[in-house]
Structure formats: structure tokens, C-alpha cells
Amino acid sequence: MPRLSEVIAELEKLWPAERAESWDAVGTVVGDPGQEVSRVLFAVDPVQEIADEAVELGADLLVTHHPLYLRGTTTVAASTFKGRVVHTLIKNDVALHVAHTNADTADPGVSDALAGALDVRVVRPLVPDPADPAGRRGLGRVCELDHPLTVRELAARAAERLPATAQGIRVAGDPEALVRTLAVSGGSGDSLFDHVRAAGVDAFLTADLRHHPASEFLADRAGRPLALLDAAHWATEWPWCEQAAAQLDQISDRHGWGLRVHVSTTVTDPWTAHAASTHPTSTAGAPN
Ligand SMILES: [Zn+2]
């Protein structure tokens with residue numbers, strides 16, 4: 001059975017901490033390097049539900065995409081929700097390791113897993129990492145579809161193939177426009193609009209899009225049939241958990257570790273319900 005330090009050393013090869021953004025907080029958050037690891041759980045969010053799931057599963061290591069603490073803290077008291085997570089993990093000998101922006105830009109990274117879930121072919125990173133001479137690492141991915149789909153059809157495919165959330169998929173732009181090329185970025189992608197425009201793709205699928213950036217982007221698309229597809233943040237990053245679990249499985253086989261590697265299917269997207277609008281604007285409380 002491997003020690004935590006040996007497993008972490010392999011995870012660090014997949015997602016080196018030095019490739020994380022300077023504002024990020026990646027790496028091992030909780031854990032004794034000498035403890036043995038036999039069961040590992042992958043999840044997007046290090047929230048209490050997931051910590052409880054790791055304990056119930058008998059996991060020795062929880063690997064999440066999102067950091068537990070992103071900024072400095074002066075307390076891990078169990079009266080705070082993050083402190084309670086720390087207590088749950090330590091009391092039950094569960095280590096926590098985070099791979100965030102270093103997993104976003106990896107090869108394969110978070111957006112490769114997203115493209116794989118959508119069954120579109122990755123051509124190149126949307127924002128290549130200048131430190132990678134092979135040009136395979138970077139943020140987001142530019143993809144091609146084997147057969148063109150309308151935006152509406154592509155949204156239906158995303159709704160079908162990404163894990164189910166209350167939000168589903170929102171579309172901005174002409175639903176009947178044809179999509180042959182697509183940019184994707186797991187997580188919040190509206191800071192990438194300039195790169196999407198420069199890539200000359202037909203559509204962009206990401207999460208957390210806001211009113212002003214989205215409407216400005218659509219107004220400034222220079223006549224192209226550019227459309228936006230907005231999925232739930234959690235749903236766009238969850239496919240990475242499966243990809244990462246498969247990577248660790250292979251590593252475990254290579255070393256003869258016999259690790260049991262699991263992926264949490266608990267939906268930790270904060271949005272829990274969705275009501276479709278039923279009234280046109282003219283009847284929704286407008287004075288007659
Ligand atoms: Zn995220």
C-alpha cells in the first residue's frame with residue numbers, strides 16, 4: 001500500500017503546483033505524508049457533503065478541483081463551515097489534495113475532459129501556455145465537430161452528456177445557427193471572450209456567464225453566428241474527476257498499488273431548482 005507522499009508525488013507530476021495561477025491555492029491541504037492510502041475519492045468541491053461521503057466510503061484521500069481555502073485564514077474551528085470540513089477529514093484520517101488551475105491547463109486538463117464529454121475533437125488550447133513548446137497545455141480548448149449541429153442541437157447534446165443539474169444549458173445567440181467549431185472552458189469562462197473571438201469559432205461553451213459581458217460579446221461578434229452555451233459550473237468541471245480518476249488508476253496499476261479510485265456523483269452545484277418562465281414580458285406585471 002502506498003504512502004500518501006508517494007501518491008501525492010504522482011499527482012504532482014500530473015498537475016504540478018508551480019503551474020497554478022499565482023492567486024490559486026493548490027496542493028495538499030490536510031494529510032500526514034506517512035499515512036497509507038488504499039481508497040481515493042475525486043470530487044469538484046471540498047464541501048461538508050463530500051467530506052462526509054469520503055468518510056462513509058472509507059477513503060484515505062480526497063482529491064478536489066476547487067480549493068478549500070483560497071485566502072489566508074486564522075481559524076479552522078469546527079464552528080466555521082470550512083473548519084468543520086477540516087475536522088471531519090482529520091478525525092477520520094482522510095487527506096485532502098487540490099488540483100485547480102494547474103489541472104485546468106494540464107494536458108489532459110479540465111477542458112479536455114469537458115470536450116470528451118461533449119464528444120467534440122480537441123484541436124488546440126484556446127489560450128496556449130507559452131511555457132509549453134509542444135503547444136498542448138493551456139486554458140480552454142478549441143474543438144471541431146465531426147458533423148455540424150445547430151446551437152439548439154448542441155445545447156441538447158450538452159444537456160444530455162454533462163451531469164444533470166437544475167440549471168441545464170442556457171443559450172445566447174441564434175439557436176438555429178450552425179456550429180462546426182466550438183471553444184470550451186470548464187468553470188467560469190467569461191474572461192476568455194477575447195480569445196474566443198480571436199479563435200474564430202462558431203460557439204463557446206462555458207459556465208457562470210453574466211448579462212453584460214455576454215450581451216457585449218454577442219453584439220461585437222462581427223457578423224459571425226457566434227453563440228454562447230452556459231452550463232452549470234459544477235457540470236463543466238465534473239468530467240475532469242472521471243478523467244483524473246482514470247489517470248490515477250493507471251498510475252496505481254503501473255506501481256502495483258491496488259488503489260480503489262472513486263468519483264463522487266453528488267451534485268454540489270449550489271443551484272437546486274429551475275422554473276422556466278411562462279409569461280411574455282407584456283403580461284408580466286406591465287401596466288396596461
Ligand atoms: Zn471551477
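Residues numbered from 1 in each chain as written. Predicted model: local features only at pLDDT ≥ 70, side-chain atom pairs only at ≥ 80, totals over all residues. Heavy atoms only, no water.

In the annotation of an unreviewed UniProt entry, the entry for the protein chain reads GTP cyclohydrolase 1 type 2 homolog, and the organism field reads Streptomyces echinoruber. Check the Sequence similarities (unreviewed entry) section of the UniProt entry for the protein chain; it says "Belongs to the GTP cyclohydrolase I type 2/NIF3 family." (UniProt positions renumbered as here; feature names shortened; annotations may be inferred.)

Student: Please set out the coordination of the zinc ion residue by residue, giving values where relevant.
Tutor: Here the zinc ion is held by the protein donor atoms His66 (NE2), His233 (NE2), Glu237 (OE) and Glu237 (OE), which lie 2.0 to 2.2 Å from it. Around the zinc ion, the 4 donor atoms are arranged such that angles at the metal cover 59 to 133 degrees; this shape is classified as irregular. Expressed as a motif, the donor residue spacing for the zinc ion is H-x166-H-x3-E. Taken together, the residues histidine 66 in the loop between strand 3 (61-64) and helix 3 (81-91) and histidine 233 in helix 9 (residues 233-255) connect sequence positions 167 residues apart. As far as the burial class goes, histidine 66 and histidine 233 line up, both buried. (Donors = N, O, S within 2.8 Å, 3.2 Å for Na, K, Ca; no water. Tetrahedral: all angles 85-135°; square planar, octahedral: opposite > 155°, others 65-115°. Helix = DSSP H or I, 4+ residues; strand = E, 2+ residues; numbered from the N terminus. Buried < 20%, exposed > 50% of the residue type's maximum accessible area, 1.4 Å probe, protein only.)

Student: Please give an account of the layout of surface pockets that cites residues and values.
Tutor: Rolled over the atoms, a probe sized like a water molecule indicates the empty space that remains. Taken as a whole, the largest pocket spans an internal volume of roughly 510 Å³. Forming the walls of the largest pocket are 25 residues, and the residues nearest its centre are Trp23, His66, His100, Asp104 and His233. Elements that contribute at least two residues to the lining of the largest pocket include exactly helix 3, helix 4 (101-104), strand 6 (138-150), strand 8 (178-188) and helix 9. It is strand 8 that contributes the most residues to the lining of the largest pocket, 4 residues altogether. For the lining of the largest pocket, the per-class residue count stands at 8 nonpolar, 12 polar and 5 charged. Counting the residues that make up the lining of the largest pocket, at least three belong to each of domain 1 (4-100 + 238-262) and domain 2 (105-231). In this structure, the second largest pocket encloses a volume near 230 Å³. (1 Å grid on protein atoms, 1.4 Å probe; cavity = no way out; pocket = protein on both sides within 12 Å on 5 of 7 lines; lining within 4 Å. Points joined across faces, edges and corners; volume = space filled by probe spheres on them. Nonpolar A, V, L, I, M, F, W, Y, C, P; charged D, E, K, R; others polar. Domains from an automatic or database assignment.)

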